[in-house]
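# Per-entry structural report
Chain residues, written in single-letter form:
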Amino acid sequence: MLVKVLSLGTNWWSRSRILSGPQRQVYYNSTGVRCGRKVRRHWLVPGLLRFHGFYWNGAKPDPLAAAEACGGTFLCSDLAYAYGGNRLLFHSRNCAPAPPDFYLVTVSSETHGAIDFFSNVWRSVFTRVIAISQLRDQQEAMLLMGAGDWVQTANGFWRLPVPARSDESAALIRTGAGEAREEMP
């Protein structure tokens, strides 16, 4: 499936594999919350993204260069449940101009408002949850959203509109009183 990355989680780590070449290093990304000086996973829903050591724009992926992935479209596996959590494997960057099947969006209580994850109506039916972290009033959720899907927070409804053209960038838009456009970092 094709996934366009609008934003990534705050928690990064890596592991080395016993292979040679660019796929030797594996990078992981997930949701996290700040605990003092560190970012920790306090998962309500465990899950992660897995990036092999392929190259993004000629540079190796790392947490400091993660912004390079934002806006990119990637060929990914289907979302699967394995080893106690959700997993999404990023195979390669897609260079062909094709509409994505899903958008990877990370919402946080700091940017979008608090979310009641125990409500039955905090997200649209077709929005797929990859991971959720929560510690006290800090929250972060990583979601696969289709065009037209939405999320409800304490600050209102956030909708992912259908882009009019395939080259237009997508972003969550807060709807309700005073419609404001909020760009994903």
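My aim in this report is to walk through the structure given alongside it, one point at a time. (Residues numbered from 1 in each chain as written. Predicted model: local features only at pLDDT ≥ 70, side-chain atom pairs only at ≥ 80, totals over all residues. Heavy atoms only, no water.)

## Some points on the nonpolar core
Counted only if it meets this: As used in this record, nonpolar core signifies buried Ala, Val, Leu, Ile, Met, Phe, Trp, Tyr and Cys residues forming a set joined through side-chain atoms within 4.5 Å. Buried, partly exposed and exposed residues are distinguished by accessible area as a fraction of the type maximum, computed with a 1.4 Å probe on protein chains only: under 20%, between the cut-offs, and over 50%, respectively. Here a helix means four or more residues in a row that DSSP labels H or I, a strand means two or more in a row labelled E, and each is numbered from the N terminus. Whether two residues are in contact is decided by their heavy atoms: any pair within 4.5 Å suffices.
Among the nonpolar cores identified, the biggest contains 20 residues, and Leu 8, Leu 49, Leu 88, Phe 90, Leu 104, Ile 130 and Leu 144 are the most heavily contacted of them. Sorting the residues of this core by element identifies strand 1 (2-5), strand 7 (47-51), strand 8 (73-76), strand 10 (85-93), strand 11 (102-108), strand 12 (128-135) and strand 13 (138-145) as the ones contributing at least two each. Once you skip the residues sitting within four places of it in the chain, Leu 144 turns out to touch Met 1, Val 3, Leu 79, Leu 88, Phe 102, Tyr 103, Leu 104, Phe 126, Thr 127, Arg 128 and Ile 130. Counting residues in each nonpolar core, the second largest holds 17 residues, with Val 107, Ile 132, Leu 160 and Ala 170 among its members.

## Quick notes on the environment of Val 129
Within the fold, Val 129 resides in strand 12. Take Val 129: its relative accessible area is 15%, and that puts it in the buried class. Every residue in contact with Val 129, bar those within four places of it in the chain, is listed here: Val 45, Leu 79, Asn 86, Trp 122, Arg 123, Met 142 and Leu 143.

## Here's the deal with the pairing of strand 14 (residues 150-153)
The side chains of a regular strand alternate, residue by residue, between the two faces of the sheet. So the rule is basically this: A pair of strands counts as paired when DSSP detects no fewer than two bridges linking them.
In strand 14, alternate side chains face the same way, and those of Val 151 and Thr 153 are buried while those of Trp 150 and Gln 152 on the opposite face are not. The pairing of strand 14 with strand 15 (residues 156-159) spans four bridges and is classified as antiparallel. Paired with Val 151 across the strands is Trp 158, a residue of strand 15.

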